[in-house]
Amino acid sequence: MSPMKYSAMLELIRQNKPLVHHITNYVTVNDCANITLCIGASPVMSYAWEEVEEMVGHAGALVLNIGTLDPYQAKSMLLAGHAANKFDIPVIVDPVGTGATRYRTDFMSRLVAEIRISVIKGNAGEIGMLAGADAHVRGVDSGDVKGDLRGIAQDFALKTGITTVISGPTDIVSDGSRVITVENGHPMMGRISGTGCMLTSIIASFAAVQRDMAEASTASLAAFGIAGELAAANTSGFGSFKTALFDYLSLLTPAELARDAKIRIL
Amino acid sequence: MSPMKYSAMLELIRQNKPLVHHITNYVTVNDCANITLCIGASPVMSYAWEEVEEMVGHAGALVLNIGTLDPYQAKSMLLAGHAANKFDIPVIVDPVGTGATRYRTDFMSRLVAEIRISVIKGNAGEIGMLAGADAHVRGVDSGDVKGDLRGIAQDFALKTGITTVISGPTDIVSDGSRVITVENGHPMMGRISGTGCMLTSIIASFAAVQRDMAEASTASLAAFGIAGELAAANTSGFGSFKTALFDYLSLLTPAELARDAKIRIL
Amino acid sequence: MSPMKYSAMLELIRQNKPLVHHITNYVTVNDCANITLCIGASPVMSYAWEEVEEMVGHAGALVLNIGTLDPYQAKSMLLAGHAANKFDIPVIVDPVGTGATRYRTDFMSRLVAEIRISVIKGNAGEIGMLAGADAHVRGVDSGDVKGDLRGIAQDFALKTGITTVISGPTDIVSDGSRVITVENGHPMMGRISGTGCMLTSIIASFAAVQRDMAEASTASLAAFGIAGELAAANTSGFGSFKTALFDYLSLLTPAELARDAKIRIL
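So, a few notes on the structure that sits alongside this text. (Residues numbered from 1 in each chain as written. Chains lettered and ligands numbered in written order. Predicted model: local features only at pLDDT ≥ 70, side-chain atom pairs only at ≥ 80, totals over all residues.)

### Digging into the interface of chain A and chain C
Point 1. Listed as interface residues are 22 residues of chain A and, on the opposing side, 25 residues of chain C.
Point 2. Of all the elements in the fold, those that place two or more residues in the side of chain A that touches chain C are helix 5 (102-114) and helix 10 (238-251) of chain A.
Point 3. Grouping the constituent residues of the side of chain A that touches chain C by class yields 8 nonpolar, 10 polar and 4 charged. (Contact = placed C-beta atoms within 7 Å. Helix = DSSP H or I, 4+ residues; strand = E, 2+ residues; numbered from the N terminus. Nonpolar A, V, L, I, M, F, W, Y, C, P; charged D, E, K, R; others polar.)

### With respect to the relation of the copies chain C and chain B
Point 1. Placing chain C over chain B gives an RMSD of 0.0 Å and needs a rotation angle of 120°, together with 0.0 Å of translation along the axis. One copy is carried onto the other by what is essentially a three-fold rotation axis. Every residue of chain C has its C-alpha some distance from the rotation axis, and the shortest such distance is that of C:Tyr26, at 3.8 Å.
Point 2. Of the interface residues in chain C, just 13% have counterparts in chain B that sit at the interface too, so the contact is made through distinct surfaces. (Least-squares fit on C-alpha atoms with pLDDT ≥ 70 in both.)

### Here we look at helix 5 of chain A
Residue and element names in this part refer to chain A.
Point 1. Its 13 residues place the ends of helix 5 18 Å apart at the C-alpha level, agreeing with the 18 Å of an ideal helix rising 1.5 Å per residue.
Point 2. Looking at helix 5, one finds that the buried residues are Tyr103, Arg104, Phe107, Met108 and Leu111. When helix 5 is viewed along its axis, its buried side chains cluster within an angular range of 125° and face the same direction. Away from the buried face of helix 5 by more than 90 degrees, exposed residues Arg102, Ser109 and Ala113 are located.
Point 3. The secondary structure elements touched by the buried residues of helix 5 are strand 3 (61-65), helix 4 (71-87), strand 4 (91-94) and helix 6 (124-130). (Expected span 1.5 Å × (residues − 1). Buried ≥ 20, exposed ≤ 12 C-beta atoms within 10 Å, placed from the backbone. Arc of directions from axis to C-beta.)

### Details of unusual backbone geometry
Residue and element names in this part refer to chain A.
Point 1. We note that Lys17 has phi near 45°; this positive angle belongs to a residue other than glycine.
Point 2. Relative to the assigned elements, Lys17 resides in the loop between helix 1 (3-16) and strand 1 (19-23).
Point 3. Within the chain, Asp88 stands out as a residue other than glycine whose phi angle is a positive 60°.
Point 4. Tracing the sequence through the fold places Asp88 in the loop between helix 4 and strand 4.

### Some points on the interface of chain C and chain B
Point 1. Taken residue by residue, the interface counts 23 residues in chain C and 25 residues in chain B.
Point 2. At the level of secondary structure, the elements contributing two or more residues to the side of chain C that touches chain B comprise helix 2 (29-39), helix 5 (102-114) and helix 10 (238-251) of chain C.
Point 3. Among the elements that line the side of chain C that touches chain B, the one with the most residues is helix 10 of chain C, at 4 residues.
Point 4. Tallied by class, residues from the side of chain C that touches chain B come to 8 nonpolar, 10 polar and 5 charged.

Remember, this is a structural readout, not a statement about activity or role.
Next comes the structure, spelled out in structure tokens:
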């Protein structure tokens, strides 16, 4: 993966404007729509059982985000996931709050078992819970257990075949064979609502044009992280930071992505 | 329709602050609430079957937007639509995604058949589908089929009695007898999420004070378009553009609306 | 309550980052999440019957906001409220639109009867309806009936044991024994969507670290009002004002809160 590849992927998104179908929470859904547009893709949100499979048929990628899961939406996600598998569309999963309640943990187990997932993206606690790691992983800052987290990501990817992304001060990507770290980003990204969800939408946008899911995820982390760095450098309060995050991602050029990405393949 | 009328309508909204009842999608609902306030009206969102008819009774206009339609909301829309018809309150419909799935297309057919709709506002593909135009209209840029779109809008308005708005680089309004174009706006408005939905909320705000639906729609397109031009001239990224769009609409004076509206009655 | 106490409370929120569980409307839910982060607490939104009680168990306070109440959510609120009472977590209620429909008014009566509520926060009309005050209170500007509103707040608090907050040009807080006014704030706060809901989230954040609910509410009104004053002084349009409101609250220091709070204990 040379930096040039990342810039080519970003160019491809902006040329093809792939449709990214979301079934997601009601808290950050607007942020997901706008960040998808900022990276150059086209968002659609739809969850009615009557149409969700047909809508997936138009899409280049599917996001399933369980941030405000309820039983209606849970069935929508399964219907959409099966349809995406049938049409061979990548499924990108954000297991928000896995570990916080049995309901979310159980649903994630079911999703992993029933649906062929391309990428799963969570924080250390969420991925740790999914991977069955010791409970002490929950809520732990990834900075404290860096070595373990890489192992957890790689083991989970190997066991499940799902490209695994652990976001944190140092982001980790593994598809089982490779382990990659991304050092872009800024702590401010953790202080506003929705950046985790937005990242998932960006990964789906890259996944719609790049079938190597580790590459798609790595490019996403770098692009979003660079936008976060620029936003933090040019604002102070939380409101302006969020506005600037959309601005800098929408203005990010393929050349800047290639130049400023801080990626290490381990 | 002289420019003075548009300024008088805007003044009337800001004096009367009409209540605009929305049943709308969960993606852009906050944008709809805020844009309604920016133009000077007052938004309310409510969809529970237990209260939706009673809430309509307080309103000056009703927005039905099918962006994330589900069966519960579909019934809410029918209940609210019938109540609005009973109370003689204008019903403004945004047929988001009509043509993308059979579910949406079928529901729109039902809505058009059962509810007396005042204005329907969509892009070329959505209105084309509703009008039963050739499938090639779907997704086609209105710039390519300008002549046809005017005809489609006028024919659909004539056939249904619904004032028809096709948004695009050149916006088209027809109530069957008149065909009007509005040249205000900026391509940036198509690059962020929610501008289509916001336009519908603005049309409803004007419709609450002006019973000539072609005039209400035309004023809305001009007002929102002028705000978009100013926002685009003064920002670059998507986040700042959106913030500025709210700013300029909230600051738009009746005199500026009369001066800068680019309207042609054909 | 000396100004120093308010600054100590704000410091405590930022140290402890209490989890504030919301069951709230879909219009302003993102604003609630972000304002909770701006004050220094941590938001979580969850309403599925399967998990809502378990999620309450992690929280430091619970927000119940009926802005877009439906039957599913109504049951979620009762489940969460009972769980909060069991765990002795403060319950902060925003009775949005009480009086506008029988459905909302009836549900609020049930909530007040079944759940031990810590704070209820509404405008003059909403609290007036709840208190069974004469119908003319509905929609009346609190400036016109200042004397009555203080009495209504105190009487309702005495009768129910619920700390009662009436927001308006002069905000009123009463726990039955004390009546407190807060003069911070700016009319612009009433011109954008969501500030009422945001205030409720802020009260819940303070309530999670301060068990004297009148103090928690008073500190919230002052903190949010100061942010509103600064935002209004530095912006003009509605979009920029909203962004600045988040900015100034996120940047508000405990010392500034103590210095600029305009509080009177009557």
